[in-house]
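For reference, the chains in residue letters:
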Amino acid sequence: MPILSGMARVAGIAGWPVAHSRSPRVHGFWLRRYGIDGAYVPLPVRPGHFDTAMQGLAAAGFSGANITIPHKLEAVALCDEMDDAAHRIGAVNTLVFKDGRIKGSNTDGFGFIANLHDHQVDPAAGPALVLGAGGAARAVVASLAVLGARVTIANRSSARAEALATQFSGVRVVAWDLRSEVLRDHSLVVNATSLGMSGHGELDLNLGLSHPALVVADLVYVPLETALLRAARHHGLRVVDGLGMLLHQARPGFEAWFGVDPTVDQELRHFVAADLAGG
Ligand SMILES: NC(=O)c1ccc[n+]([C@@H]2O[C@H](COP(=O)([O-])OP(=O)(O)OC[C@H]3O[C@@H](n4cnc5c(N)ncnc54)[C@H](OP(=O)(O)O)[C@@H]3O)[C@@H](O)[C@H]2O)c1
């Protein structure tokens with residue numbers, strides 16, 4: 001840990017709970033790598049205290065903060081301005097405090113697309129099937145739709161899928177029970193449900209029905225290799241795990257607060273993956 005000067009820039013991650021967050025590890029790695037006079041700290045902010053806490057951080061000279069569950073929607077109301085992605089997604093995960101103003105952005109879609117690019121996957125090469133309609137799915141659908149990709153959503157609660165689809169052009173909905181059958185019509189499938197995550201159920205998807213060129217992406221990163229990705233490898237399909245999205249979504253905030261666009265590479269991946277494997 002470098003010694004801080006009186007000029008050090010400070011940011012953090014606000015959530016409740018926040019102890020599980022890997023963001024301090026990611027930003028701490030980059031701060032050390034680039035020798036930056038700065039710190040990134042966990043900020044356990046209880047529901048009901050979000051507004052006060054953020055105004056306090058801004059008043060105390062923080063550079064900004066990442067926002068996680070349960071505050072991502074509430075953060076919208078706090079912003080003086082928001083980027084296009086935050087508008088499209090309706091949630092904010094990155095705040096920048098500057099010149100007395102609060103700027104909000106949503107970097108989840110950026111992280112998702114940057115991770116696909118890292119794996120040489122063109123997100124708009126063909127139709128994408130997104131499983132899920134929660135917060136993560138919303139970011140994925142928005143980021144694909146803005147690139148002009150054709151998107152299909154399948155979600156357990158169809159009403160939630162319909163509500164999401166109506167917000168973007170070129171997005172349709174299929175019944176959750178048809179998710180395996182429609183695989184053959186898609187070149188990318190994204191698991192944006194919480195299925196496959198440790199402690200949750202497994203995602204039931206028959207990859208035997210897919211096109212041989214299908215790319216299988218999972219947003220879940222605990223465990224790093226989900227049963228879905230294992231099955232996809234078994235079928236000889238290309239896979240993209242969820243860790244890269246987590247790492248890339250952190251980049252815009254780091255650049256805004258600390259002045260360097262940081263690199264996502266194998267060394268960082270291993271550093272964070274070792275922590276994930278440790279539980
Ligand atoms: N890699 C990353 O950087 C990153 C970023 C964000 C999130 N994530 C991961 O993405 C996943 C989803 O996160 P989220 O924030 O979108 O959660 P969320 O808002 O709570 O949404 C959960 C989604 O999972 C579905 N689901 C839950 N249990 C189900 C079940 N038993 N059967 C079928 N569908 C089920 C829900 O369907 P209903 O609508 O029917 O309830 C909903 O679509 C989590 O595993 C999270 O860790 C990863």
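All values reported here derive from a predicted model rather than from experimental measurement.

Novice: Talk me through the pairing of strand β3 (residues 64-67); I want residue IDs and the actual numbers.
Specialist: What you see with β3 is no split at all: Gly 64 and Asn 66 on one side and Ala 65 and Ile 67 on the other are buried throughout. For strand β1 (residues 9-15) and β3, the ladder comprises four bridges, and the chain directions are parallel. From the neighbouring strand, Gly 12 faces β3, where its bridge partner is Ala 65. Bridge count between β3 and strand β5 (residues 94-98): three bridges; the pairing is antiparallel. Opposite Ala 65, over in β5, you have Leu 95 as the bridge partner.

Novice: Requested: an account of the sheet that holds strand β7 (residues 128-131), with residues and values cited.
Specialist: A sheet is described by the order of its strands in space; here six strands give the open sequence β9-β8-β7-β10-β11-β12, paired in parallel fashion. Unpaired on one side and paired on the other, β9 (171-173) and β12 (238-240) mark the two borders of the sheet. Across the sheet, the axes of successive neighbouring strands diverge by a mean angle of 20 degrees, strand direction being ignored. Here helix α6 (residues 135-146) sits on the sheet in contact with β7, β8 (151-154), β9 and β10 (188-191), set at roughly 165 degrees to β7.

Novice: Report on the packing of helix α5 (residues 108-118) against α6, specifying residues and quantitative values.
Specialist: Here α5 crosses α6 at 65 degrees, and the two axes come no closer than 8 Å. The angle between α5 and α6 falls in the class roughly perpendicular. Of the two elements, α5 crosses α6, and the hand of that crossing is right-handed. Each of Asp 108, Gly 109, Phe 112 and Ile 113 in α5 lies in contact with α6, whose residues at this interface are Ala 139, Val 140, Ser 143 and Leu 144.

Novice: Give me the lowdown on the environment of Ala 8, citing residues and values where you can.
Specialist: Inspection of the secondary structure puts Ala 8 in the segment before β1. Given the relative accessible area of 21%, Ala 8 is considered partly exposed. Between the C-alpha atom of Ala 8 and that of Ala 39, which follows or precedes it by 31 residues, the distance is 7.3 Å. Ignoring any residue separated from it by four or fewer positions in sequence, one finds Ala 8 in contact with Asp 37 and Gly 38.

Novice: Give a detailed account of the pairing of strand β6 (residues 101-105), specifying residues and quantitative values.
Specialist: Where strand β4 (residues 81-82) meets β6, two bridges bridge the pair, whose relative direction is parallel. Residue pairing in the sheet places Glu 81 in a bridge with Lys 103 of β6. Two elements, β5 and β6, share five bridges in a ladder whose sense is antiparallel. Considered in β6, the bridge of Val 96 is made with Lys 103.

Conventions used here
- Residues numbered from 1 in each chain as written.
- Predicted model: local features only at pLDDT ≥ 70, side-chain atom pairs only at ≥ 80, totals over all residues.
- Heavy atoms only, no water.
- Buried < 20%, exposed > 50% of the residue type's maximum accessible area, 1.4 Å probe, protein only.
- Helix = DSSP H or I, 4+ residues; strand = E, 2+ residues; numbered from the N terminus.
- Pairing = 2+ DSSP bridges.
- Axes fitted to C-alpha atoms, helices over the stretch in contact; angles between N-to-C directions.
- Contact = heavy atoms within 4.5 Å.
- Parallel < 35°, antiparallel > 145°, perpendicular 65-115°, else oblique.
- Left-handed = near helix turned anticlockwise from the far one by under 90°.

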